[in-house]
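Structural overview
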Amino acid sequence: MTPRPTTRPTELRDLVAKAKQRREEEHERVETEFWQEIDRLQRRYHGAQQDIADALDVKRNQILRQTKRYRSAGQDAVTD
């Protein structure tokens with residue numbers, strides 16, 4: 001391993017900032033995909049929302065809020 005530079009490691013900070021930004025973007029993408037899939041699954045049968053809430057160990061209201069938050073435009077009227 002090379003010795004630590006005596007000057008400020010701005011290049012390293014820039015690379016870390018870019019890596020952090022990529023991580024945040026990927027997290028948002030994965031979170032969106034997850035809740036859109038849950039939105040599709042909750043429409044499979046009457047009572048599915050409660051079954052999903054039980055499986056995720058959350059309240060039904062949270063399922064509703066998250067699926068509305070991440071629902072894509074035009075998906076409101078679409079059912080599976």
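It should be emphasised that the depicted structure is a prediction, and the values quoted were computed from it without experimental measurement.

Brief notes about the overall build of the protein chain
When its secondary structure is counted, the protein chain shows 3 helices and 0 strands. Going from N to C terminus, the protein chain has its helices and strands arranged as α-α-α. Looking at the protein chain as a whole, 19% of its 80 residues qualify as buried. For the protein chain, the share of sequence-separated contacts (at least 6 apart) that also reach a separation of at least 24 residues comes to 58%. Summing over all exposed atoms, the protein chain offers an accessible surface of approximately 6900 Å²; the carbon and sulfur share of this is 52%.

Regarding helix H3 (residues 60-70)
When H3 is considered as a whole, its buried residues turn out to be Ile63, Gln66, Thr67 and Tyr70. The arc that holds every buried residue of H3, seen down its axis, measures 95°, which confines them to one face. Facing away from the buried side of H3, by more than 90 degrees, are the exposed residues Lys68 and Arg69. Summarising the contacts, the buried residues of H3 are in contact with helix H1 (10-41) and helix H2 (48-56).

Here we look at the pattern of salt bridges
Using the criterion set out here, one finds 5 salt bridges in the structure. Between Arg29 and Glu26 there is a salt bridge; the shortest N-O distance is 2.6 Å. You can see Arg29 and its partner Glu26 sitting in helix H1, 3 residues apart, about one turn around the helix. Residue Arg29 pairs with Glu33 through a salt bridge whose shortest N-O separation is 2.8 Å. Pair noted here: Arg29 and Glu33 are both in helix H1, with a separation of 4 residues, about one helical turn. Taken together, the salt bridges that share partners define one network made up of Glu26, Arg29 and Glu33.

A look at the packing of aromatic side chains
On inspection of all chains with the given rule, the structure shows 1 aromatic pair. Judged by centre distance (4.9 Å) and plane angle (80°), the rings of Phe34 and Trp35 are edge-to-face.

Cut-offs and rules
- Residues numbered from 1 in each chain as written.
- Predicted model: local features only at pLDDT ≥ 70, side-chain atom pairs only at ≥ 80, totals over all residues.
- Heavy atoms only, no water.
- Helix = DSSP H or I, 4+ residues; strand = E, 2+ residues; numbered from the N terminus.
- Buried < 20%, exposed > 50% of the residue type's maximum accessible area, 1.4 Å probe, protein only.
- Contact = heavy atoms within 4.5 Å.
- Areas by Shrake-Rupley, 256 points an atom, 1.4 Å probe, with all protein chains shown as cover.
- Arc of directions from axis to C-beta.
- Salt bridge = Lys/Arg side-chain N within 4 Å of Asp/Glu carboxyl O.
- Phe/Tyr/Trp six-rings, centres within 6.5 Å; stacked < 30°, edge-to-face > 60°.

By themselves, these are just geometric observations and shouldn't be taken as functional.
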